[in-house]
Amino acid sequence: MLPEKYLQDPCRLSVPYWKDGRITVPENMKIIHQQAFDSRMGNDYTDERYFRLLHPLKNVRNQRLVNALLCRMQEADFATVSGKVDSFSNPERLYRRCGFQGEDIRHVLTVKRAEEKRGSIEG
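Below: a short report on this structure. Note that the structure is a prediction, hence the values are computed from the model and not measured.

Some points on the nonpolar core
Then, number 1: Grouped together as the largest cluster of nonpolar side chains are nine residues: Phe51, Leu53, Leu57, Ala79, Val81, Tyr95, Cys98, Phe100 and Ile105.
Then, number 2: Those elements that place two or more of their residues in this core are strand 2 (45-55) and strand 3 (79-84).
Then, number 3: Residues contacting phenylalanine 51, with those up to four places away along its chain left out, are Val81, Ser82, Gly83, Lys84, Val85, Pro91, Glu92, Tyr95, Asp104 and Ile105.

Here we look at the sheet that holds strand 4 (residues 101-111)
Then, number 1: Pairing is antiparallel in the open sheet, where four strands are placed in the order 1-4-2-3. Of all the strands in the sheet, just strand 1 (29-33) and strand 3 have a single pairing partner and so form its edges. Recorded for the sheet is a direction-independent mean angle of 25° between the axes of neighbouring strands.
Then, number 2: Inspection of the sheet shows strand 1 paired to strand 4 by five bridges, in the antiparallel sense. Looking across to strand 4, one finds that methionine 29 is bridged to threonine 110.

Here's the deal with the environment of leucine 53
Then, number 1: Mapped onto the secondary structure, leucine 53 falls in strand 2.
Then, number 2: The class of leucine 53 is buried, set by a relative accessible area of 0%.
Then, number 3: For leucine 53 and glycine 99, which are 46 residues apart along the polypeptide, the C-alpha to C-alpha distance reads 9.4 Å.
Then, number 4: Those residues in contact with leucine 53 that sit more than four places away from it in its chain are Cys11, Ala79, Thr80, Val81, Glu92, Tyr95, Arg96, Phe100, Gln101 and Gly102.

Here we look at the layout of surface pockets
Then, number 1: If you add up the space inside the largest pocket, you get close to 350 Å³.
Then, number 2: Ser14, Pro16, Lys19, Arg52 and Ser82 are the residues nearest the centre of the largest pocket, which is lined by 20 residues in total.
Then, number 3: Secondary-structure elements contributing two or more residues to the lining of the largest pocket are strand 1, strand 2, strand 3 and strand 4.
Then, number 4: Looking at the lining of the largest pocket element by element, the count peaks at four residues for strand 3.

Cut-off values and rules
Residues numbered from 1 in each chain as written. Predicted model: local features only at pLDDT ≥ 70, side-chain atom pairs only at ≥ 80, totals over all residues. Heavy atoms only, no water. Core = buried A, V, L, I, M, F, W, Y, C linked by side-chain atoms within 4.5 Å. Buried < 20%, exposed > 50% of the residue type's maximum accessible area, 1.4 Å probe, protein only. Helix = DSSP H or I, 4+ residues; strand = E, 2+ residues; numbered from the N terminus. Contact = heavy atoms within 4.5 Å. Pairing = 2+ DSSP bridges. Axes fitted to C-alpha atoms, helices over the stretch in contact; angles between N-to-C directions. 1 Å grid on protein atoms, 1.4 Å probe; cavity = no way out; pocket = protein on both sides within 12 Å on 5 of 7 lines; lining within 4 Å. Points joined across faces, edges and corners; volume = space filled by probe spheres on them.

Below, the structure written as structure tokens:
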């Protein structure tokens, strides 16, 4: 991945720039942006949704822990965070209170086992 492409829209790509080339997505898994997602994929894949938010680091509001970390990133122009959409602890709410913004969702799709596929057809 070219750094220029990542910098144009850091939350749009399926994995962050620093992870690209360092992780290998298993053959039974896909990571796609919400714009490429089709609900019919649920027939063949289990779907876990993850948000990705961006902070421009120009205005760091006082939310102690997260902002303390952001203030230490003096050489960066922005920071991104991600987390599970349906998480009980709701990290998205904390990040948004700290000034993170965006609406990007990643779908982590894992191929369903045969019995899971039968259950979704029968159900």
